[in-house]
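Inside the fold
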Amino acid sequence: MTDGEQIRVPAVGESPAQPAGAAPGDERVDLNTADLATLDALPGIGPVLAQRILDHRSTGPFTSVDELDDVSGVGPALLADLRELVRV
């Protein structure tokens, strides 16, 4: 977590809310909450690149999918492949 983030814990028996910004049934990976294993499972992303994404995120959350281009090892072709699989 970073300063200012909030976590909502549902009451017993209450249905968990969908993450902010996510539509019901949205199966895309959230770049700001995904762990290393989830990122590693994306096509074209291995453990090293997944760690670079986490390292980039440690300086602040992603505000757009296009910011993946700022991560070393993610170029235009990989970004195009990932665009429909990830969200912020």
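To start, this report covers the structure provided alongside it. Positions within a chain are numbered from 1, following the residues in the order the chain's sequence is written. Local features are withheld for residues below a pLDDT of 70 in this predicted model, meaning they are given only at 70 or higher, and side-chain atom pairs are given and counted only at 80 or more; totals for whole chains, interfaces and linings count all residues. Excluding hydrogens and water, the side-chain figures rest on all heavy atoms present in the structure.

Turning next to the side chain of N32. Secondary structure counts use DSSP, requiring at least four H or I residues in a row for a helix and at least two E residues in a row for a strand, with both numbered from the N terminus. Within the fold, N32 resides in the loop between strand 1 (29–30) and helix 1 (36–40). For N32, the side chain forms a polar contact with the main-chain nitrogen of F62, separated by 2.6 Å. Under the rule applied, a polar contact is a pair of N or O atoms within 3.5 Å (in protein, one hydrogen donor and one hydrogen acceptor; residues adjacent in sequence only if both atoms are side-chain atoms).

In terms of nonpolar packing, the biggest core is built from 19 residues, with L39, I45 and L68 touching the most fellow members. Among the secondary structure elements, those contributing two or more residues to this core are helix 2 (47–57) and helix 3 (76–82). Aside from chain neighbours lying at most four places away, what touches I45 is L39, D40, A50, I53, L78 and L82. Residues belong to one nonpolar core when they are buried, are Ala, Val, Leu, Ile, Met, Phe, Trp, Tyr or Cys, and are joined through side-chain atoms within 4.5 Å. Any residue under 20% of the maximum accessible area for its type is buried, any over 50% is exposed, and the rest in between are partly exposed; the area is computed with a 1.4 Å probe on protein chains only. The contact definition used throughout considers only heavy atoms, calling two residues in contact when any of these lie within 4.5 Å.

This brings us to the environment of D81. On the secondary structure map, D81 appears in helix 3. C-alpha separation for the pair D81 and G44, spaced 37 residues apart in sequence, amounts to 8.3 Å.

Pairing is possible between side chains that carry opposite charge, provided their charged atoms lie close to one another. The salt bridge criterion pairs a side-chain nitrogen of Lys or Arg with a carboxyl oxygen of Asp or Glu, the two atoms within 4 Å. A complete count under the given rule lists two salt bridges for this structure. R87 is paired through a salt bridge with D30; the nearest N and O atoms lie 3.1 Å apart. On the criterion of sequence distance, the pair formed by R87 in strand 2 (residues 86–87) and D30 in strand 1 is long-range, its members being 57 residues apart. Judged by relative accessible area, which is 7%, R87 ranks as buried. Residue D30 is classed as buried on the basis of its relative accessible area of 12%. Residues D66 and R83 are paired through a salt bridge, measuring 2.6 Å at the closest nitrogen-oxygen approach. Placement of the pair is D66 in the loop between helix 2 and helix 3 and R83 in the loop between helix 3 and strand 2, with a sequence separation of 17 residues.

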